[in-house]
Amino acid sequence: MTDDPEAFLSVRDLKVHFPTDDGLVKAVDGLSFELARGRTLGIVGESGSGKSVTSLAVMGLHGVGQYGRGRARISGEIRLDGQRLTDADPDAVRRLRGRQMAMIFQDPLSSLHPYYTVGRQISEAYRVHNPVGRAAARARAVELLGRVGIPRPDRRFDDYPHQFSGGMRQRVMIAMALVNNPDLLIADEPTTALDVTVQAQILDLIRDLQREFGSAVIVITHDLGVVAELADDILVMYAGRCVERGPAERVFHAPQHPYTWGLLGSMPRLDRERGARLTPVRGAPPSLINVPSGCAFHPRCPYAELTAGASRSTVPELREAARRHFAACHLPVADRDRIWEASG
Amino acid sequence: MLAYLVRRLVAVVVMLLVVTLVTFGIFFLVPKLTGGDPAALFAGRQADPAAIAGIRRKLGLDAPVIVQYARFIWGLVAGRDYASGADVTHCAAPCFGYSFKTEQPVWPLLIDRFPVTFSLAIGACVLWLVVGVATGVLSALRRGSLWDRAAMATALAGVSLPIYFTGMLALAVFTYKLHWLTVSYVPFTQNPLAWARGLLLPWIVLAFLYAAMYARLTRATMLEILGEDYIRTARAKGLAEPVVIRRHALRATLTPVLTILGMDLGALVGGAILTETTFSLQGLGQAAVRAISDQDLPVILGVTMIAAFFVIAANLVVDLLYAVVDPRVRLA
């Protein structure tokens, strides 16, 4: 993707490194992407691929309250609505948090304060950024609780998080995130902690609300199924880097990276033949301290032998395989298409 | 809630009964088994057997133990009469009996000693709460800093050094060398300023120990809480860091502190033995020490029961407060 002046959020060569006693953890190592208003980006990858670290970096939540722990070293550029966040005053970024950009977390039970009513927590999010009284904030919170589908919101306002079911709690989190009409909504594994039936409801809710509010949305997940219906674009991360990026339809139907093939192969699908086995991606996620040389995926890649050693020695660049569809792989595009066709 | 309270209060009474049973058993039964005779102690060294027998009758020590226990409990609830010939002494409820040593009734002695111990415990408590919690919070927020290391080293010293060492040191320096403070007990109602001045040194010494424990507890809890997901949520809302700390982290940090506080305060109000002894304060702890060295069994019994009562009561208060602080706790 070239520089897009339309982009609402633009991340350029983002690096998030954590110094530790064992060495430098390169959680995110040169990530770039763009996102326009009203669009949804799905960031997909295994645990430890840098998805959440990326979202926290966008929110400016690394570095706050690190309290002597190894501070994150962040470089690169993050722009929100043209404003550079990466070297902005921390207090200016704080004022954007919750108002222009908001976040939904994975586990709504642990992400809500157990001692305060949900109403109070939502009102608080509203009052940080709006000079309104208690009553107005309450009205706004009740409105949002109703909007995210919580029955009798006026009553539930005064309930504590533990009095809600998992799905309802996630709705509370969503209400809290949307209370200030943010332009950017980041949902970090929004359905991972929920029952399967509730997952679908929450995903529908996020999609409906996005249409209504017109926000830009980033959905972070390890589950391609989650983003299949939600995302316009998909970014696949591996070991802190982007290995494939493109329109969702392309990534699902003509994926260009062996890692994406692996992810798709390990995902249950209705259109698969009966009896066909799921194939997991072999091996374990790489160490982020000693990232494998060349293509970080090469020790796990079944096709690494076909690149005449390039996978082992050279870090592959992201290259455009089709319009707006990029992949970082040494395999020639023709070979990739042939392998994918043969497997599917 | 009311049912819960009633049940807990019944449990308190049962617990106290068990404590009296055990205390009574230890202090009246054990001397009997080892051949010691409370009546002989009460009579003094050179008493003749007839006098001892008279005292035994008067104190009711000639009756079976079970009867003695029943009379003791009855005395606690309704008072009892001690008869010696035509001479009848009434001991009003709650009757803990008479000191073997001074022949004075035990209950007024306890009433007399209690304010001293209570003053000591309360003053020290305020001091250690403020200093301990503040130190712990600051250490957690500046983890690894010079302040943190210095505070935690001091805290380690605080928990390691015994009261009689720090107490003696404080007395040597501030009282005998510098002549800044003398230790004495003046009732609060008489002169609040003199009350505070007279207790300042024991407060500081006692608070040093507890502040050290509380600083460590607060620091550890705060660090744990700061890593909680809901703290990240609070930051993600755009709250300023001081608000995150005060409104979100501190509230959760103080819950375990409150639990420990209830227990510590309950135990201290029952007698701060080492501190009172070191500073010669005539509190319950001192009374217990003297009673033990004098083998003054009724006084030991009285002090033990008072201490047990406060520990049990403190536990109940903590449990009730917990339900107020943490909405997840349901009293049922």
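- Within an unreviewed UniProt entry, the label attached to chain B reads ABC transporter permease, and the organism entered is Streptantibioticus rubrisoli.
- What UniProt records for chain B under Sequence similarities (unreviewed entry) is the sentence "Belongs to the binding-protein-dependent transport system permease family."
- Recorded under Subcellular location (unreviewed entry), the UniProt text for chain B is reproduced unchanged: "Cell membrane".

- The name an unreviewed UniProt entry assigns to chain A is ABC transporter ATP-binding protein, from the organism Streptantibioticus rubrisoli.
- In its Sequence similarities (unreviewed entry) section, the UniProt entry covering chain A states "Belongs to the ABC transporter superfamily."
- In UniProt, chain A has this text filed under Subcellular location (unreviewed entry): "Cell membrane".

Some points on the overall build of chain B
Then, in step 1: Looking only at helices and strands, chain B features 13 helices and 2 strands.
Then, in step 2: For chain B, the spread of C-alpha atoms along the principal axes amounts to about 85 × 60 × 40 Å.
Then, in step 3: The buried share of chain B, reckoned over its 332 residues, is 36%.
Then, in step 4: Within chain B, contacts between residues separated by at least 24 positions form 65% of all contacts whose residues are at least 6 apart in sequence.

Focus: the packing of helix α10 (residues 241-269) of chain B against helix α13 (residues 297-325) of chain B
All names here are of chain B.
Then, in step 1: The N-to-C vectors of α10 and α13 enclose an angle of 160 degrees; their axes lie 8 Å apart at closest approach. Between α10 and α13, the interaxial angle falls into the category roughly antiparallel. Note on packing geometry: the crossing formed by α10 with α13 is right-handed. Of the residues in α13, those in contact with Thr 255, Leu 258, Thr 259, Gly 262, Met 263, Leu 265, Gly 266, Ala 267 and Val 269 of α10 are Phe 310, Val 311, Ala 313, Ala 314, Asn 315, Val 317, Val 318, Leu 321 and Val 325.
Then, in step 2: Considered class by class, the residues forming the contact of α10 with α13 number 13 nonpolar, 5 polar and no charged.

Some points on the UniProt feature "domain: ABC transmembrane type-1" (unreviewed entry) in chain B
Then, in step 1: UniProt marks residues 114-322 of chain B with the feature "domain: ABC transmembrane type-1" (unreviewed entry), using the numbering shown here.
Then, in step 2: Spanning residues 114-322 of chain B, this segment combines 82% helix with 0% strand, and its end C-alpha atoms are found 27 Å apart.

Details of the domain arrangement of chain B
Residues and elements named next belong to chain B.
Then, in step 1: Parsing chain B into structural domains produces domain 1 (2-91) and domain 2 (106-325).
Then, in step 2: Spacing between the C-alpha centres of domain 1 and domain 2 amounts to 34 Å.
Then, in step 3: Taken residue by residue, the interface counts 12 residues in domain 1 and 10 residues in domain 2.
Then, in step 4: Counting only elements with at least two residues in the side of domain 1 that touches domain 2, the list comes to α1 (2-33) and α2 (38-43).

Some remarks on the interface of chain A and chain B
By a frequent convention, interface size equals the accessible area lost on bringing the separate parts together.
Then, in step 1: Contacts between the two partners involve 26 residues from chain A, matched on the other side by 24 residues from chain B.
Then, in step 2: Take the side of chain A that touches chain B: its biggest share by element is 4 residues, from helix α4 (residues 118-129) of chain A.
Then, in step 3: Considering only residue class, the side of chain A that touches chain B consists of 12 nonpolar, 8 polar and 6 charged.

Considering the sheet that holds strand β4 (residues 73-80) of chain A
Then, in step 1: Read from one edge to the other, the open sheet built from 4 strands follows the order β2-β1-β4-β5 (chain A), with strand pairing classed as antiparallel. The strands lining the two open edges of the sheet, one partner per strand, are β2 (23-35) and β5 (83-84) of chain A.

Overview of unusual backbone geometry
Residues and elements named next belong to chain A.
Then, in step 1: Its identity as a non-glycine residue notwithstanding, Asp 81 has a phi of 55 degrees, on the positive side.
Then, in step 2: Take Asp 81: it is sitting in the loop between β4 and β5.
Then, in step 3: According to the C-beta neighbour criterion, Asp 81 is partly exposed, with 16 such atoms within 10 Å.
Then, in step 4: With phi around 50 degrees, Arg 152 is a residue other than glycine that occupies positive phi space.

Comments concerning the UniProt feature "transmembrane region" (unreviewed entry) in chain B
Residue and element names in this part refer to chain B.
Then, in step 1: Those residues carrying the UniProt feature "transmembrane region" (unreviewed entry) are residues 9-30, 116-141, 153-174, 194-215, 254-274 and 299-325 in this numbering.
Then, in step 2: Across residues 116-141, helical content stands at 100% and strand content at 0%; the span's end C-alpha atoms are separated by 38 Å.
Then, in step 3: Secondary structure within residues 299-325 divides into 100% helix and 0% strand; the distance between the first and last C-alpha atoms comes to 38 Å.

A look at the domain arrangement of chain A
Residues and elements named next belong to chain A.
Then, in step 1: Assigned domains of chain A: these are domain 1 (9-231) and domain 2 (241-343).
Then, in step 2: Between the C-alpha centres of domain 1 and domain 2 there is a distance of 29 Å.
Then, in step 3: Listed as interface residues are 20 residues of domain 1 and, on the opposing side, 12 residues of domain 2.
Then, in step 4: Listed by contribution, the elements that provide at least two residues to the side of domain 1 that touches domain 2 are β2, β3 (40-44) and α9 (224-228).
Then, in step 5: Sorting elements by how many residues they give to the side of domain 1 that touches domain 2 places β2 first, with 9 residues.
Then, in step 6: By residue class, the composition of the side of domain 1 that touches domain 2 is 10 nonpolar, 6 polar and 4 charged.

About the criteria used
Along each chain, residue indices are assigned from 1 in the same order as the chain's sequence is written. Working convention: letters from A go to chains and numbers from 1 go to ligands, in the order in which they are written. Since the coordinates come from a predicted model, pLDDT governs what is reported: local features require at least 70, and pairs of side-chain atoms require 80 or more to be given and counted, while whole-chain, interface and lining totals use all residues. UniProt positions are given in the numbering used here, feature names are shortened, and annotations may be inferred rather than shown by experiment. Numbering of helices and strands runs from the N terminus; a helix is a DSSP stretch of H or I covering at least four residues, while a strand is a stretch of E covering at least two. Using C-beta atoms placed from the backbone, we call a residue buried if 20 or more other C-beta atoms fall within 10 Å of its own, exposed if 12 or fewer do, and partly exposed for counts in between. Once C-beta atoms are placed from the backbone, any two residues with those atoms within 7 Å are in contact. Axis angles are defined between N-to-C directions and span 0 to 180 degrees, where every axis is a line fitted to C-alpha atoms and, for a helix, only to the segment in contact. By the definition adopted for this analysis, an angle is roughly parallel if under 35 degrees, roughly antiparallel if over 145, roughly perpendicular if from 65 to 115, and oblique otherwise. Two helices crossing with the near one rotated counterclockwise from the far one by less than a right angle form a left-handed crossing, whereas a clockwise rotation gives a right-handed crossing. Polarity classes work like this: nonpolar for Ala, Val, Leu, Ile, Met, Phe, Trp, Tyr, Cys and Pro, charged for Asp, Glu, Lys and Arg, and polar for all others, with Gly in that last group. Where a domain begins and ends is set by an automatic assignment or by a domain database. Strand pairing is defined by DSSP finding a minimum of two bridges between the two strands.

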